[in-house]
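Inside the fold
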Amino acid sequence: MEKKRIVHYINNFFAGIGGEEKADIPPEVREGVVGPGLALQTALGDEYEVAATVICGDSYFGEHMDEATETLLAMIKEYDPAGFVAGPAFNAGRYGVACGSIAKAVEQELGIPVVTGMFTENPGADMYKKDVHIILTKDSAADMRKSMPKMAALLKKMMSGEEILGPAEEGYIERGIRVNYFAEERGSARGVEMLVRKMAKEPFETEYPMPVFDRVAPNPAVKDMKHAKVAVVTSGGIVPVGNPDRIESSSATKYGVYSIEGKDTMSPEEFMTIHGGYDRAFVLNNPNLVVPLDALRQLEKEGEIGELNNYFIATTGTGTSIGNAKGFGEQFSKKLVADGVDAVILTST
Amino acid sequence: MKLELGRIKIHDVQFGPETKVEKGVLYVNKEEIEKLVLEDERLIGAQVELARPGESVRIAPVKDVLEPRVKVSGGGGIFPGMISKVKEVGSGRTHALVGAAVVTCGKIVGFQEGIIDMSGPAAAYTPFSATNNVCVVIEPQEGLETHDYEAAGRMAGLKVASYVGEAGRNVEPDEVVVYETKPLQEQIAQYPDLPKVGYIHMLQSQGLLHDTYYYGVDAKQFIPTFMYPTEIMDGAIISGNCVAPCDKVTTFHHLNNPVIEDLYKRHGKDLNFIGVILTNENVFLADKERSSDMVAKLAEFMGLDGVLITEEGYGNPDTDLMMNCKKVSQKGIDVVLITDEFPGRDGKSQSLADAVNEADALVSCGQGNLIIEFPPMEKIIGTLDYVETMIGGYEGSLRPDGSIEAELQIIIASTIANGYNRLAARGY
Amino acid sequence: MVKEIERAGIPVVHVCTVVPISLTIGANRIVPAVGIPYPLGDPTLGDEGSYKVRMKLVKKALDALQTEVDGQTVFE
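Residues numbered from 1 in each chain as written. Chains lettered and ligands numbered in written order. Predicted model: local features only at pLDDT ≥ 70, side-chain atom pairs only at ≥ 80, totals over all residues. Heavy atoms only, no water.

Across all of its chains, the model carries 60 salt bridges over all chains by this definition. Two residues, D214 of chain A and R7 of chain C, come together in a salt bridge whose shortest N-O distance is 3.0 Å. Note that D214 of chain A is positioned in the loop between α8 (187–199) and β8 (229–234) and R7 of chain C in helix α1 (residues 2–7), a pairing that runs across two chains. Residue classification places R7 of chain C among the partly exposed residues on the basis of a relative accessible area of 40%. (Salt bridge = Lys/Arg side-chain N within 4 Å of Asp/Glu carboxyl O. Helix = DSSP H or I, 4+ residues; strand = E, 2+ residues; numbered from the N terminus. Buried < 20%, exposed > 50% of the residue type's maximum accessible area, 1.4 Å probe, protein only.)

Given below as structure tokens:
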């Protein structure tokens, strides 16, 4: 039987090429195992073959991310592998980022199972844990003996299509992906039990640690509003009557861009709300309550603002994941920038 | 206040000339129910159909689900302020047809009504695939205003549930469970060494399709108040909302509130269940601040050591949940929250719209964005016309063969945030 | 969305009812709206009254955009 081919990624240091002074070497490929690849081959067993090792200097990768990724991908593709392993990187920060980045690219581009390994405080862990499975390692290479078998075991499970269990069972860093399961007891009974423990000062474990939201520094104020172009964006679900883009009433997966060129007011004959989170009666009657076109047009005429952007952007806020909302924002912000918008009023219900 | 709840177990439902319970079988008179529903001139059509566990049946769009109950003694009647006159309930004896349910469905009011499958993979997510359902398909008058239609549908469910519940009045229950909560001082004195626990029950109250009623009063019009736990078992709270289908606390769930049931189970053993604080989830920030202030004040005044808090809905009610959590915690009271999660279809986003540091003990009722498959069913009760615009549905959800692909949240009470189900989510 | 607009370099003001959510997710310039069913305006005051409320809020939003802030700021 033909062995399943695996490609392994390591850095200059683990390849034995050299330390910091060799961190600038460009990508290269070698047949078979190199350095820690031996431990990987042993852990994978006879049915698998580490067909090639791809190597790149940490600094080189960091400074030429796109180019290095492309070169490495081409090298990896040559071997038509069934799986890919990067690292482990332990607590080496740049190496961790490289492992996460290349593993993510391989999974996306080649569609094969990938595994890497890192210490929890490696910056690469936070950056890539949502994208790829990262086996939790200790902070130094002394842990190689223990971590490589875990990585190999997880990769083998993935390649054979077995169900991947939780972080505790498989040994990977929790990815922050919420997965449903049926618990032994119903939620209310678990809640009462948790409360009894909390009141007794006994240990308990929350089923959902509070999320952390990132921050963005505010932009400088608009200096000259009288010449500024102002745009409206809303999460209030205002769309043309009939909802041509079929935006969902809740948990939206898309947004719409709608013209208000030449209009002085949001007419209920032309616009409606499809938002599933509130009593729509008032807004159906007067969509200006969410997209304040009448007031903004007046201010434009009075010269208080330079210009009202000739379209608004809308989606439904309720239940829409931060991930989707972020994606929408990234996309339409490019358009707003390209269209010379100087300031945005974002309205939410 | 002490209530004896007589549980009459129902294992089948059939049509019959007389509405009655015999040997665990519920017989219903189709014509009488239809006539009862059509007394409301806002409705021009009513059709009764039966759905039993395991059948190849899909019910949609479901508005409410109710358990038939009847007040046997103790004063007041079932659904006070709605069906019966306003009079305090929660004492004496009540009979429940356990295993039977009344389901109202028909042309959609908003986006918020949901689906029940009686068999197949989607059935596991709703408790109503396991009940013997008397489904009432209603049809509104042409052009009926949505608020009126919602009210008519709500009343139809309450009327039919009361009518069917009457059949249990003179039936000997299979089991009688006694629930008792005494006035505050006596209750504290009964188990002086056990921690005093309360339940903060947040009622959805955001307007059309988002209202809940307590003794007939719209919850957004009351200020937080105390309730004996047994009042709810006689229908003091009824649902007038659909929120998102997965989140809906149906009238059935109010009658069978799982937190109240599970607190009673450990009452006198490792906790002293003092009672329920009812509050709302309103649409103005000032109301949210006021209500959560009052909830914390009541919790402190009752001398509670710990509370469980449940919410209904998601999005901005998460703020009410977090305000309640924070303010009650600041009174030195231990808090556990029960809620469901909406982290997006890939499960990678934050599950709640709001967060506070005090929320360190949270029970998950599952994530509602997961996409699931609904195979075609032989029989549809109601209509599938609205699947793609219902919450959880999207363009392309309904396929020509009648199968559906949609988010879990399209199923009635699938991630209900009061802990009724075993579904939960964990981090992978 | 609000953060992505900010990240793209465009100053943005979030006019919203549930200020705590806006603070949690990380908007920088926040103007509290009237209510969830009618954020900009108040139909209970009639068309003209509602328009006045809306105009006032829009002006407040424009003021917020013209005000330098160094962190999350709610313009009451």
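Let us now look at the nonpolar core. Counting 102 residues, the largest nonpolar core has F312 and L336 of chain A as the members making the most contacts within it. Beyond its immediate sequence surroundings of up to four residues, L336 of chain A is in contact with A231, V233, N309, Y311, I313, V341 and V344 of chain A together with I10 of chain C. Core analysis: the second largest hydrophobic core is formed by 59 residues, I6, L73, M148 and M158 of chain A among them. (Core = buried A, V, L, I, M, F, W, Y, C linked by side-chain atoms within 4.5 Å. Contact = heavy atoms within 4.5 Å.)

Okay, the sheet that holds strand β13 (residues 196–204) of chain B next. Think of a sheet as strands paired side by side through backbone hydrogen bonds, with each pair either parallel or antiparallel. Strand order in this open sheet of six strands is β16-β18-β13-β19-β20-β21 (chain B), and the pairing throughout is mixed. This sheet does not close on itself; its edge strands, each paired only once, are β16 (225–227) and β21 (362–367) of chain B. Neighbouring strand axes in the sheet, compared pairwise and without regard to direction, differ in orientation by 20 degrees on average. Two elements, β16 of chain B and strand β18 (residues 272–281) of chain B, share three bridges in a ladder whose sense is antiparallel. The residue of β18 of chain B that forms the bridge with F226 of chain B is I277 of chain B. Where α8 of chain A meets the sheet, its contacts fall on β13, β19 (306–310), β20 (334–341) and β21 of chain B, and the angle it forms with β20 of chain B comes to roughly 155 degrees. (Pairing = 2+ DSSP bridges. Axes fitted to C-alpha atoms, helices over the stretch in contact; angles between N-to-C directions.)

Between its first and last C-alpha, helix α2 (residues 146–165) of chain B extends 28 Å over 20 residues, near the 28 Å set by a 1.5 Å rise per residue. Most of α2 of chain B sits inside the fold, with 16 of its 20 residues counted as buried. (Expected span 1.5 Å × (residues − 1).)

Quick look at the interface of chain B and chain A now. With 74 residues of chain B at the contact, the number on the chain A side is 62 residues. Counting the surface lost from both chain B and chain A, the interface buries some 5600 Å², and carbon and sulfur atoms represent 55% of this. Between the two partners, chain B and chain A, sit seven salt bridges. Residues E193 of chain A and R266 of chain B are paired through a salt bridge, measuring 2.7 Å at the closest nitrogen-oxygen approach. Where chain B touches chain A, the interface holds 35 residue pairs in polar contact (both at pLDDT 80 or more). Looking at the side of chain B that touches chain A, the elements that each hand over two or more residues are α5 (258–265), β19, β20, β21 and β25 (423–427) of chain B. Sort the elements by how many residues they give to the side of chain B that touches chain A and α5 of chain B lands first, with six residues. Note that strand β7 (residues 178–182) of chain A and β25 of chain B share five bridges and pair antiparallel. Paired with F182 of chain A across the two strands is L423 of chain B, which belongs to β25 of chain B. (Buried area = accessible area lost by both parts, 1.4 Å probe. Polar contact = N/O pair within 3.5 Å; in protein donor to acceptor, adjacent residues only side chain to side chain.)

Contact with chain C, which involves 47 residues of that partner, is made by 51 residues of chain A. Across the chain C/chain A interface, buried area totals approximately 4000 Å², and carbon plus sulfur atoms make up 67% of it. Area buried by chain C at its contact with chain A is led by M1, E4 and I10 of chain C, which between them contribute 17% of it. Between chain C and chain A we count five salt bridges in total. Summed over the shared surface of chain C and chain A, the number is 19 residue pairs in polar contact (both at pLDDT 80 or more). Top contributing element to the side of chain C that touches chain A by residue count: helix α3 (residues 46–65) of chain C, with nine residues. Among the residues forming the side of chain C that touches chain A, the class breakdown is 25 nonpolar, twelve polar and ten charged. Judged from the four bridges that link them, strand β13 (residues 343–347) of chain A and strand β1 (residues 12–16) of chain C form a sheet pairing that is parallel. (Nonpolar A, V, L, I, M, F, W, Y, C, P; charged D, E, K, R; others polar.)

On to the confidence of the model for chain C, then. Looking at chain C, pLDDT values average 94 and 100% of them are 70 or higher. Scored as a complex, the prediction yields pTM 0.89 and ipTM 0.97. (pLDDT = per-residue confidence, 0-100.)

Quick look at the packing of helix α1 (residues 37–44) of chain A against helix α6 (residues 144–159) of chain A now. All names here are of chain A. The geometry of α1 relative to α6 is characterised by a closest axis approach of 9 Å and an angle of 50 degrees between their N-to-C directions. It follows that α1 is oblique to α6 by the angle criterion. When the axes of α1 and α6 are compared, the crossing they make is right-handed. Of the residues in α6, those touching α1 at A39, L40, A43 and L44 are M148, P149, A152 and K156. Considered class by class, the residues forming the contact of α1 with α6 number seven nonpolar, no polar and one charged. (Parallel < 35°, antiparallel > 145°, perpendicular 65-115°, else oblique. Left-handed = near helix turned anticlockwise from the far one by under 90°.)

Residues and elements named next belong to chain B. Following the criterion strictly, the structure yields three cavities of 30 Å³ or more and no others. Around the second largest cavity, the lining residues are L5, R7, R69, Y179, I232, M233, H254, L255, N256, N257, I260 and E261. Those elements that provide at least two residues to the lining of the second largest cavity are β1 (2–9), α4 (251–255) and α5. Looking at the lining of the second largest cavity residue by residue, the classes come out as six nonpolar, three polar and three charged. (1 Å grid on protein atoms, 1.4 Å probe; cavity = no way out; pocket = protein on both sides within 12 Å on 5 of 7 lines; lining within 4 Å. Points joined across faces, edges and corners; volume = space filled by probe spheres on them.)

The subject of this paragraph is the packing of α8 of chain A against α5 of chain B. For the pair α8 of chain A and α5 of chain B, interaxial distance at closest approach is 8 Å and the crossing angle is 50 degrees. When the axes of α8 of chain A and α5 of chain B are compared, the pair comes out oblique. As α8 of chain A packs across α5 of chain B, the resulting crossing turns out to be right-handed. For the pair formed by α8 of chain A and α5 of chain B, the contact residues are S188, A189 and V192 of chain A on the first element and P258, V259, D262 and L263 of chain B on the second. Along the lines of polarity and charge, the residues of the contact of α8 of chain A with α5 of chain B split into five nonpolar, one polar and one charged.

Once that is clear, we can look at a positive patch on the surface. Together, K138, R145, K146 and K150 of chain A make up a region of like positive charge exposed at the surface. When you line up the elements, R145 of chain A lands in helix α6. (Patch = residues over 30% accessible without salt bridge, like charges linked within 9 Å, V, L, I, M, F, W, Y side chains within 5 Å. Areas by Shrake-Rupley, 256 points an atom, 1.4 Å probe, with all protein chains shown as cover. Lys, Arg positive; Asp, Glu negative; His and termini not counted. Charge placed at Lys NZ, Arg CZ, Asp CG, Glu CD.)

Further remarks concern the side chain of H253 of chain B. Residue and element names in this part refer to chain B. With respect to the secondary-structure elements, H253 resides in helix α4. Under the relative-accessibility criterion, H253 is labelled buried at 0%. One polar contact links H253 to T250, side chain to side chain, over a distance of 2.7 Å. The residues touching H253, leaving out its near neighbours within four places in the chain, are P127, F128, K248, P258, A413, I416, N418 and Y420.

A few words now on the pairing of strand β22 (residues 371–374) of chain B. All names here are of chain B. The two faces of β22 differ: I372 and F374 on one face are buried, but I371 and E373 on the other face are not. Bridge count for β22 against strand β24 (residues 404–407) is four bridges, and the pairing is antiparallel. Residue pairing for β24: F374 is matched across the bridge by I404.

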